[in-house]
Amino acid sequence: MKCYARWTEDKESYYRDQTILQFGDSWELIANIILLNPGSAIPKSDESIDDFLASKKLPYFVKSGENQKYYEFTIDPLMRNIINCFKNKHDSGVIKIYNLFNLKNQDSKKALLEYKQNIDSPYIHTNEEDILYDNKQVIIATGESNLIDELKIELKKYVKLANDNSLYALQKNENDIYAFKKAIVNKEGIVKSFHPSYTFGYGNKTLCN
């Protein structure tokens, strides 16, 4: 399994977006998952891989902008759990991760404080034109406890860009097992969900199908 992503340093903060989790031989996109913000994964080296990814001609690939480069990243525990979960149903493929904000910090409380301090950064949010679902499943898994007003606006953006028949949310089913269920969009344009850091931990069970 591999992780590739776009990386930026701006005013002593780090931003990661366009995260590609690839396993097996295939580069076909399986699903897009919307999380809160990037965690502990960091570049494995200072060798950029923009040309390598561009050569794949992937329909979900977004070129680097100013001060941005793609690198291969370490795989953090949450990424590993997501990949292993999808491997139960797929031999190979890609999971694309988007985040409500792109600031790297695995401590969600500290990340929210830093988010407010850097909310004017051009790298803090993903531009609408850079959200390429490729007509594949879109899974909302942001959790709810940290959805301040600014992040609700971002969540609405991701929900709006998804087709109704491909929009899912990470939720609890009748057997107290967490799984992807058809999303229900409320009057605010918000989808309620659990974050996988919770559903993969604390003795919970998560199904990725």
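Predicted model, so just to flag it, every value in this text is computed and none were measured.

## What to know about the overall build of the chain
Step number 1: Along its length, the chain carries five helices and nine strands.
Step number 2: Listing the helices and strands of the chain from first to last along the sequence gives β-β-β-α-β-α-β-α-β-α-β-β-α-β.
Step number 3: Projecting the C-alpha coordinates of the chain onto the three principal axes gives extents of approximately 45 × 40 × 30 Å.
Step number 4: Taking all 209 residues of the chain together, the buried fraction comes to 52%.
Step number 5: Counting every atom, the chain has about 10700 Å² of accessible surface; 44% of that belongs to carbon and sulfur.
Step number 6: For the chain, the distance from the average position of its 28 positive side-chain charges to the average position of its 29 negative side-chain charges is 5 Å.

## Quick look at the sheet that holds strand 3 (residues 29–35)
Step number 1: If you walk across this open sheet you meet the nine strands as 4-1-2-5-3-6-7-8-9, and the pairing is mixed. Bordering the open sheet on either side are strand 4 (69–73) and strand 9 (206–207), each of which pairs with just one other strand.
Step number 2: In the packing of helix 2 (residues 77–87) onto the sheet, the strands contacted are strand 1 (2–10), strand 2 (13–23), strand 3, strand 5 (93–99), strand 6 (137–140), strand 8 (178–182) and strand 9, and the crossing angle to strand 2 comes to about 20°.

## Points about the packing of aromatic side chains
Step number 1: For the structure shown, the criterion picks out 15 aromatic pairs.
Step number 2: With 5.9 Å between their ring centres and 50° between their planes, Tyr 98 and Tyr 158 make a pair best called tilted. Highlighted residues: Tyr 98 in strand 5 and Tyr 158 in helix 4 (residues 149–160), separated in sequence by 60 residues. Per residue, the accessibility class of Tyr 98 equals that of Tyr 158, and both read buried.

## Some thoughts on the pairing of strand 7 (residues 167–172)
Step number 1: Relative to strand 7, strand 6 is paired through three bridges, and the arrangement is parallel. Paired with Ile 140 across the strands is Ala 169, a residue of strand 7.
Step number 2: In the classification by handedness, the crossover that spans strand 6, the intervening helix 4 and the parallel strand 7 is right-handed.
Step number 3: Examined bridge by bridge, strand 7 and strand 8 share five bridges and lie antiparallel to one another. Directly across from Tyr 168, in strand 8, lies its bridge partner Lys 182.
Step number 4: Linking two consecutive strands that pair antiparallel, namely strand 7 and strand 8, is a turn of five residues; a positive phi of about 60° is found at Asp 176 within it.

## Looking at the state of the cysteines
Step number 1: One pass over the full model with this rule turns up one disulfide.
Step number 2: Sulfur-sulfur distance for the disulfide between Cys 85 and Cys 208 comes to 2.1 Å. Since a negative S-S torsion denotes a left-handed disulfide, the Cys 85-Cys 208 link at about 105° is right-handed. Residue Cys 85 is found in helix 2, and its partner Cys 208 is found in the segment after strand 9; the two are separated by 123 residues along the sequence. Neither Cys 85 nor Cys 208 differs from the other in exposure class; each is buried.

## As for the layout of surface pockets
Step number 1: The volume enclosed by the largest pocket comes to roughly 560 Å³.
Step number 2: Along the wall of the largest pocket there are 27 residues; nearest its centre are Leu 78, Gln 106, Ser 108, His 195 and Ser 197.
Step number 3: Secondary-structure elements contributing two or more residues to the lining of the largest pocket are helix 2, strand 5 and helix 5 (196–199).
Step number 4: The element that contributes the greatest number of residues to the lining of the largest pocket is helix 2, accounting for four residues.
Step number 5: When grouped by side-chain class, the residues that make up the lining of the largest pocket number ten nonpolar, 14 polar and three charged.

## Side note on empty space enclosed by the protein
Step number 1: For the structure on display, the rule yields one cavity of 30 Å³ or more.
Step number 2: Of the pockets and cavities examined, the largest cavity occupies roughly 30 Å³.
Step number 3: Lining the largest cavity are Ile 33, Ile 82, Phe 86, Leu 170, Phe 180, Pro 196, Phe 200 and Cys 208.
Step number 4: Each residue belonging to the lining of the largest cavity can be placed in one class, and the counts come to eight nonpolar, no polar and no charged.

The rules we used
Residues numbered from 1 in each chain as written. Predicted model: local features only at pLDDT ≥ 70, side-chain atom pairs only at ≥ 80, totals over all residues. Heavy atoms only, no water. Helix = DSSP H or I, 4+ residues; strand = E, 2+ residues; numbered from the N terminus. Buried < 20%, exposed > 50% of the residue type's maximum accessible area, 1.4 Å probe, protein only. Areas by Shrake-Rupley, 256 points an atom, 1.4 Å probe, with all protein chains shown as cover. Lys, Arg positive; Asp, Glu negative; His and termini not counted. Charge placed at Lys NZ, Arg CZ, Asp CG, Glu CD. Pairing = 2+ DSSP bridges. Contact = heavy atoms within 4.5 Å. Axes fitted to C-alpha atoms, helices over the stretch in contact; angles between N-to-C directions. Phe/Tyr/Trp six-rings, centres within 6.5 Å; stacked < 30°, edge-to-face > 60°. Right-handed = clockwise from strand over helix to strand, strands pointing away. Disulfide = S-S within 2.5 Å. 1 Å grid on protein atoms, 1.4 Å probe; cavity = no way out; pocket = protein on both sides within 12 Å on 5 of 7 lines; lining within 4 Å. Points joined across faces, edges and corners; volume = space filled by probe spheres on them. Nonpolar A, V, L, I, M, F, W, Y, C, P; charged D, E, K, R; others polar.

By themselves, these observations are geometric and do not establish any function.
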